[in-house]
Amino acid sequence: MATESATIVQRLWNYCNVLRDDGVSYGDYVEQLTYLLFLKMADEQEREFGKASSIPPEYSWASLGGLEGDELELHYRTALAELGRGPGLIPVIFRKAQNRIQNPAKLRRLINLIDGETWVGLGIDVKGEIYEGLLEKNAQDIKSGAGQYFTPRPLIQAMVDAMAPCPGQTICDPACGTGGFLIAAHDYMAAHHGPLDRDQWQHLNHAALHGWEIVDNAARLCVMNLYLRGIGANGDESPIHVGDSLAADTGERFDMVLTNPPFGKKSSVTYVTEEGEVRRESQTVVRDDFWTSTSNKQLNFVQHVKTILKINGHAAVVVPDNVLFEGGAGETVRRRLLHECDVHTLLRLPTGIFYAQGVKANVLFFDRKAASETPWTRALWIYDLRTNVSFTLKQNPLTRADLDEFVDCYNPANRHTRTETWAEETPDGRWRAFSYEELMARDKVNLDIFWLRDESLEETANLPEPDVLAAEIVDDLEAALEQFRAIAEDLGEGIESLRPLRER
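Quick look at the structure, then. In this text, all values refer to a predicted model and were calculated from it rather than measured experimentally. (Residues numbered from 1 in each chain as written. Predicted model: local features only at pLDDT ≥ 70, side-chain atom pairs only at ≥ 80, totals over all residues. Heavy atoms only, no water.)

### Some points on the overall build of the protein
- When you go through the protein residue by residue, the secondary structure sums to 16 helices and eleven strands.
- Out of the 504 residues in the protein, the part that is buried amounts to 52%.
- Considering only residue pairs separated by 6 or more positions, the protein has 74% of its internal contacts joining residues 24 or more positions apart.
- For the protein, the exposed area adds up to about 22,700 Å²; of that, 49% sits on carbon and sulfur atoms. (Helix = DSSP H or I, 4+ residues; strand = E, 2+ residues; numbered from the N terminus. Buried < 20%, exposed > 50% of the residue type's maximum accessible area, 1.4 Å probe, protein only. Contact = heavy atoms within 4.5 Å. Areas by Shrake-Rupley, 256 points an atom, 1.4 Å probe, with all protein chains shown as cover.)

### Focus on the pairing of strand 10 (residues 379-384)
- Of all the six residues making up strand 10, five are buried; the element is thus mostly covered by neighbouring parts of the structure.
- Pairing analysis gives four bridges linking strand 8 (residues 341-348) to strand 10, with the strands arranged parallel. Residue Arg348 lies in a different strand from strand 10, and its bridge partner there is Asp384.
- Across five bridges, strand 10 lies against strand 11 (residues 431-435) in antiparallel orientation. Counted as the bridge partner of Ala379 is Ser435 from strand 11. (Pairing = 2+ DSSP bridges.)

### Digging into the side chain of Arg418
- Positionally, Arg418 belongs in the loop between helix 14 (404-410) and strand 11.
- Buried within the structure, Arg418 lacks any salt-bridge partner; Asp342 is the closest side chain of opposite charge, at an N-O distance of 8.1 Å.
- Polar side-chain contacts of Arg418 include one of 3.0 Å to the side chain of Thr345.
- Excluding anything up to four places from it in sequence, Arg418 contacts His344, Thr345, Trp381, Cys409, Tyr410, Asn411 and Trp431. (Lys, Arg positive; Asp, Glu negative; His and termini not counted. Salt bridge = Lys/Arg side-chain N within 4 Å of Asp/Glu carboxyl O. Polar contact = N/O pair within 3.5 Å; in protein donor to acceptor, adjacent residues only side chain to side chain.)

### Here we look at the packing of helix 11 (residues 297-308) against helix 13 (residues 329-340)
- Running from amino to carboxyl end, helix 11 crosses helix 13 at an angle of 20°, the nearest separation of the two axes being 10 Å. In terms of orientation, helix 11 and helix 13 fall into the roughly parallel class. Considering the relative orientation of helix 11 and helix 13, their crossing is left-handed. Each of Leu299, Val302, Gln303 and Lys306 in helix 11 lies in contact with helix 13, whose residues at this interface are Ala329, Gly330, Val333, Leu337 and Glu340.
- Taken together, the residues of the contact of helix 11 with helix 13 break down into five nonpolar, two polar and two charged. (Axes fitted to C-alpha atoms, helices over the stretch in contact; angles between N-to-C directions. Parallel < 35°, antiparallel > 145°, perpendicular 65-115°, else oblique. Left-handed = near helix turned anticlockwise from the far one by under 90°. Nonpolar A, V, L, I, M, F, W, Y, C, P; charged D, E, K, R; others polar.)

### Comments concerning unusual backbone geometry
- Backbone geometry places Ala164, a non-glycine residue, at a positive phi of 50°.
- Turning to its location among the elements, Ala164 is positioned in the loop between helix 7 (153-163) and strand 1 (171-173).
- Look at Ala164 and you get partly exposed, because its relative accessible area is 21%.
- A positive phi angle is found at Lys444, which is not glycine, with a value near 60°.
- Within the element layout of this structure, Lys444 appears in the loop between helix 15 (436-441) and helix 16 (466-491).
- Exposure remark for Lys444: the relative accessible area of 40% places this residue in the partly exposed category.

### A look at the sheet that holds strand 10
- Strand order in this open sheet of nine strands is 3-2-1-4-7-9-8-10-11, and the pairing throughout is mixed. In this open sheet, the two edge strands, each paired with only one partner strand, are strand 3 (240-242) and strand 11. Here the strands of the sheet are splayed against their neighbours by 15° on average, with no regard to which way each runs.
- Across seven bridges, strand 8 lies against strand 9 (residues 361-368) in antiparallel orientation. Residue pairing in the sheet places Cys341 in a bridge with Arg368 of strand 9.
- Along the sheet, helix 8 (residues 180-192) makes contact with strand 1, strand 2 (209-213), strand 3 and strand 4 (254-259), crossing strand 1 at roughly 160°.
- The strands that helix 13 touches are strand 8 and strand 9; relative to strand 8, the one it contacts most, it runs at about 120°.

### Some remarks on the packing of helix 7 against helix 8
- Where helix 7 meets helix 8, the axes come as close as 9 Å, and the angle between the chain directions of the two elements is 50°. Taken together, helix 7 and helix 8 sit at an angle that is classed as oblique. Handedness of the helix 7/helix 8 crossing: right-handed. On helix 8, the residues touching Arg153, Ile156, Met159, Val160 and Asp161 of helix 7 are Gly180, Phe181, Ala184, Ala185 and Tyr188.
- Taken together, the residues of the contact of helix 7 with helix 8 break down into seven nonpolar, one polar and two charged.

Here you go:
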């Protein structure tokens, strides 16, 4: 199966390299593949299984047959525009769609390439692997910025394994990108709780998964990623909402939230002054359900996640280091979160695992609880996978096996029975608990806690390889520049001199 999907990915990707000569980016190519694959699969389901198609006949896959040259390009452009109108799943995929392949001969060749495969005949896992393979290749294209929508799959798998979702639960990702968390949760429930009965499958494929994504292109990739696995395949209602999940509380509540919110620190708007200067202004999100008003996106997402959880609901949220130590609004959020929720686990992530540069991140696990005069958090268990650990995207990428010890320590079967690996006798243990009282005694309730001896600071013989060291330095500089950019925006200063190093 893996060989079959890899072969198709390579075949499709090889043609992308041909289109690059015409200025078609990786992202544009995956976008066009999404449109054409959807039309082809709808056509196959109608012809081979007699399933009624939601695609109007005049814009179907068959309508593209026999057309060449300008006639093909015009018809394809018209079909994209018309399919993007109205409500439902199909308009989410085709929303604001445009044809990026201006050469009709190359468009015809791509259509023929897709027509050469019988997609509904492939297993769901194979189709999913093919599309995931294309999304990952797109994320590797640093210039496109697509990496910010792609969370490393080994990390997603470990988070889902720790959270252990069950059939009948509702799962939400309020910043779903290309849908990695939702798909992993779907696959986990199907694999660990099978065989599912008909009602359970119906719920899993059409009611269990919910996502929000503010960027049109990421949302369409996500919907297609889900559709290829049969999720939302009835075509009536999209499981993905296109919009800003922070804009308001919709009133919906979920059993579980799994998410990796955008890396950008500040919510802002761009405007042009009378002098023609481009300025950015921070936008503070004000909501009655939030503990504090701030322009810090991650703090707002943490507050939003708490809001959309059901009582006793579970959350796992990827957050940057500043959420753990920042004062002001950050301290307010941490104090309220520790009191009103059971904040039980923190996974400190290594550097070098995200496609976006300069990211120092963690995974915060917490459960929402009912109102109480006494704090719900009893102890925060921290697993340090950062100190003395080095990963790179190509030479030494993160694997699921690298997170085995963390998941074992987390103890998904019963997280209330855990055993520390750290002790005075075992100072190299990466798993350690801190009581609520210890946390509150720290300055500004700083949760940026570490205890392992950093070997690289003590012995030059233990320094990482030069390429790893250089990557870590770049990550540190990018993280620092992100902080400075945010400060510059708050001060109303131009940020041209602080743009990312890789753009210089």
